[in-house]
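Residue-level structure breakdown
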Amino acid sequence: MSTTNKVNVIDAGPNLKKLTIEVPAAVVEEKLKTSIDMLTSQVTLPGFRQGRAPRQYVEKKFGANVRRDAKAELASKAFQDAVADLKLKIVGDPSGGNLDKVDLQDGKPFSFEVEVEILPEFELPSLEGIEIKKPMLEVTEDVVNEEIKKICINEGALESRDAAEAGDYLTGHAKMVGPKGETFYDLQGAVVQKPSKDKNGKGMILGIMVEDFDKQMAKAGVGDEFTIKAKGPEQHEVEGIRNADLTMTFKIDRIDRIIAAKIEDVVKAFGLESEQQMKDAIKQRLGVNVQIQQQSAMHSQVAKYLADTTKVDLPARVTAQQAARTLERRRLELMYRGIEPHKIEEHMAELRAASSVAAQRDLKMFFVMFRVAEQLNTQVTQQEVNQRITQMAMQRNVRPDQMAQELRRTNQVNALVTQIRDHKSMDAIIAKAKISEMKAEEFNEWAKKQG
Amino acid sequence: MPANVEANYVIHRPLLSEKSTYALNEQKRYTFVVDARATKTEIKAAIEKLYKVRVQDVNTIREKHKSKQVKFGLMIPAETKKAIIKLQGDDTIELF
């Protein structure tokens, strides 16, 4: 009797394969026998000492569960073997199978179907000698002063107001309702900011960026309630919000304005001796950020080169799943660059509003970078992950273990590993690239032209 | 036991224990828990009716159980009856 699985593969669409796997009757019988024998030796039934109950009695009592478990194990092993034998590179989880409908039967082969999306096949361009522009960034006095201003605002005190003016923070009860009356969010203690003058009336509420936020909000005071109507972004992680006509109400409980702290007070609060010492410390920190920005600028060019020169047919189902993951990666990227948390949220709201093209581009990059890492044999060690966590913790002024805990809690460790792998691969490409340096302004002009 | 009682009331359940399994495997004797009031004749008739087999011999055992002192007095459990059945020829009962 044959003990090898029969596997039939058919193309069910672009990057989609349908596998029909048949496990021979002998294997099914052997598996069932082993499972029941193992259970018989372990089980204690009334009237019998452990392992003394008759096999048939155990089978009658626990047969259904044993068959279900044996089916899951056989299916999983057969699927893994088939994937390994056919050398399929699978993306996402298998789906569309009939596994729930088929049962294990004695003396009969076990046959099931499953659909898998596979890694798209494509050719990578040459990874050597790419032309890269390196912006020469400097930490000037103005940049340091701007940073000090931000710190003063962060360390500032809140002053209660009766009516909201541009830049004021409103705290209250926010609710987001969909077109059919379904409630997506109902938050007490939500915070919105009345758009400051430089934002041209654009504002954010419950993670949704609204172009005419200021116009819809109009004049508002403590105890007032205002309603914002907006369309849900295409790529929002909550499916019901995507492209839906949303109504958001906000009842104001409190209005606060941030009064910036005096620089002398900030210097004292930070335990520094003088303003100059603080400037030096900030300059040093910004210097590290500048290096990261330079690196990011070069990485962007590598990414653009790879995206422009590679043609990839994307698997449809995974594309949608990736959209949600992409948002998380972007958030991580912004955290790594040391962007302030509220700015990250604003940026995320804008990202959600971006078209699905962005998600497709990111997914394409994911596949391309996967292949690049494979070709360059890029590996990520635990030490590198710890280093990156420490770096991010320093930028956010939290302890590394707190940062690590937060990443684990929000399931972002894998995204971090992918980010490090991508950065290492890109650095390897940059090391073999033709780099030409240019001033920051020239670089910005050039980048604008490149789009 | 009243006359013409339903077979299901006479036979409670097959008794599955190590001892009864041994008796079944080695001596082809089946053990059942039966109504304590049932006679051997009634047990024989009930088994033949329920399992469509021919019974050769019936042995019965009345089991007394330990009484227990509880808060409200002495609890004396009801007696139970076991019947050990020997079948004729190659007749068998599917217990599992």
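Residues numbered from 1 in each chain as written. Chains lettered and ligands numbered in written order. Predicted model: local features only at pLDDT ≥ 70, side-chain atom pairs only at ≥ 80, totals over all residues. Heavy atoms only, no water.

Details of the overall build of chain B
Tallying secondary structure elements over chain B gives three helices and six strands in all. Scored against the burial criterion, the 96 residues of chain B give a buried share of 31%. (Helix = DSSP H or I, 4+ residues; strand = E, 2+ residues; numbered from the N terminus. Buried < 20%, exposed > 50% of the residue type's maximum accessible area, 1.4 Å probe, protein only.)

Regarding the interface of chain A and chain B
Many analyses report the size of an interface as the accessible area lost when the parts associate. Listed as interface residues are nine residues of chain A and, on the opposing side, six residues of chain B. Counting across the chain A and chain B interface gives one salt bridge. Here R49 of chain A makes a salt bridge to E18 of chain B, at a shortest N to O gap of 2.7 Å. Viewed at the interface, chain B and chain A are joined by two residue pairs in polar contact (both at pLDDT 80 or more). Looking at the side of chain A that touches chain B residue by residue, the class counts come to four nonpolar, two polar and three charged. (Contact = heavy atoms within 4.5 Å. Salt bridge = Lys/Arg side-chain N within 4 Å of Asp/Glu carboxyl O. Polar contact = N/O pair within 3.5 Å; in protein donor to acceptor, adjacent residues only side chain to side chain. Nonpolar A, V, L, I, M, F, W, Y, C, P; charged D, E, K, R; others polar.)

Some words on the pattern of salt bridges
Residues and elements named next belong to chain A. For the structure shown, the criterion picks out 35 salt bridges over all chains. Salt-bridge contacts for D11 lead to K17; the nearest nitrogen and oxygen are separated by 2.5 Å. Here D168 ties to R257 by a salt bridge, and the two come within 2.8 Å at their closest N and O atoms. Here D168, found in the loop between β6 (157-161) and β7 (169-177), pairs with R257, found in strand β12 (residues 245-259); they are 89 residues apart in sequence, far enough to count as distant. Across the pair, R257 and D168 agree in class, each one buried. Among the charged side chains, a network of salt bridges with common partners joins K33, D37, R55, E59, R67 and D106.

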